Amino acid sequence: MMVLLLMLASSSPPPPVESAARRVIEAQLKAPAREEAELSAEEAARIRQLYLESIGRQVERAPEAR
């Protein structure tokens, strides 16, 4: 009973914040289709880096190729 009274007395929760994933997907849907289906090495590395950072993992830096 006490919990019910506390729930009624509390204010309503704030509206949900639009997630970054939703914004990314909406931007992808609005973008024109790519002609080539392959990613460059730089694009693939950047996507991997952003993904790992988004889940809180450290990005391992590859040694510089010489």
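Bear in mind that the values here come from a model prediction, so they are computed numbers and not experimental data. (Residues numbered from 1 in each chain as written. Predicted model: local features only at pLDDT ≥ 70, side-chain atom pairs only at ≥ 80, totals over all residues. Heavy atoms only, no water.)

1. Structural notes on the overall build of the chain
Counting secondary structure elements, the chain contains 3 helices and 0 strands. Along the chain, helices (α) and strands (β) appear in the sequence α-α-α when read from the amino end. By residue count, 5% of the 66 residues in the chain fall in the buried class. On the chain, roughly 6800 Å² of surface is accessible, and the fraction owed to carbon and sulfur atoms is 62%. (Helix = DSSP H or I, 4+ residues; strand = E, 2+ residues; numbered from the N terminus. Buried < 20%, exposed > 50% of the residue type's maximum accessible area, 1.4 Å probe, protein only. Areas by Shrake-Rupley, 256 points an atom, 1.4 Å probe, with all protein chains shown as cover.)

2. Description of the layout of surface pockets
Here the largest pocket is characterised by a volume of approximately 210 Å³. The wall of the largest pocket is formed by Val24, Gln28, Arg34, Ile47, Leu50 and Tyr51. Secondary structure elements with two or more residues in the lining of the largest pocket: α2 (20-30) and α3 (41-54). A total of 3 residues in the lining of the largest pocket trace back to one element, the largest contributor, which is α3. Looking at the lining of the largest pocket residue by residue, the classes come out as 4 nonpolar, 1 polar and 1 charged. (1 Å grid on protein atoms, 1.4 Å probe; cavity = no way out; pocket = protein on both sides within 12 Å on 5 of 7 lines; lining within 4 Å. Points joined across faces, edges and corners; volume = space filled by probe spheres on them. Nonpolar A, V, L, I, M, F, W, Y, C, P; charged D, E, K, R; others polar.)

3. Let's talk about the pattern of salt bridges
Applying the stated rule across the entire model yields 1 salt bridge. The shortest N-O distance in the salt bridge between Glu26 and Arg22 comes to 3.2 Å. In this pair, Glu26 and Arg22 are both assigned in helix α2, 4 residues apart and thus about one turn of the helix distant. (Salt bridge = Lys/Arg side-chain N within 4 Å of Asp/Glu carboxyl O.)

4. Some words on a nonpolar patch on the surface
Together, Met2, Leu5, Leu6 and Leu8 make up an exposed nonpolar region whose accessible area comes to about 470 Å². With respect to the element layout, Leu5 can be found in helix α1 (residues 2-9). (Patch = residues over 30% accessible without salt bridge, like charges linked within 9 Å, V, L, I, M, F, W, Y side chains within 5 Å.)

5. Here we look at α3
Across its 14 residues, α3 extends 20 Å between first and last C-alpha, which sits within 8% of the 20 Å expected from 1.5 Å per residue. Positive phi appears at Gly56, one or two residues downstream of α3, with a value of about 85°. (Expected span 1.5 Å × (residues − 1).)

6. Examining the confidence of the model for the chain
Do not read the fine detail of predicted coordinates wherever pLDDT is low. For the chain, the mean per-residue pLDDT works out to 76, and 68% of the residues sit at or above 70. Looking across the chain, the model is least confident in α1, with a mean pLDDT of 70, and most confident in α3, with 87. (pLDDT = per-residue confidence, 0-100.)

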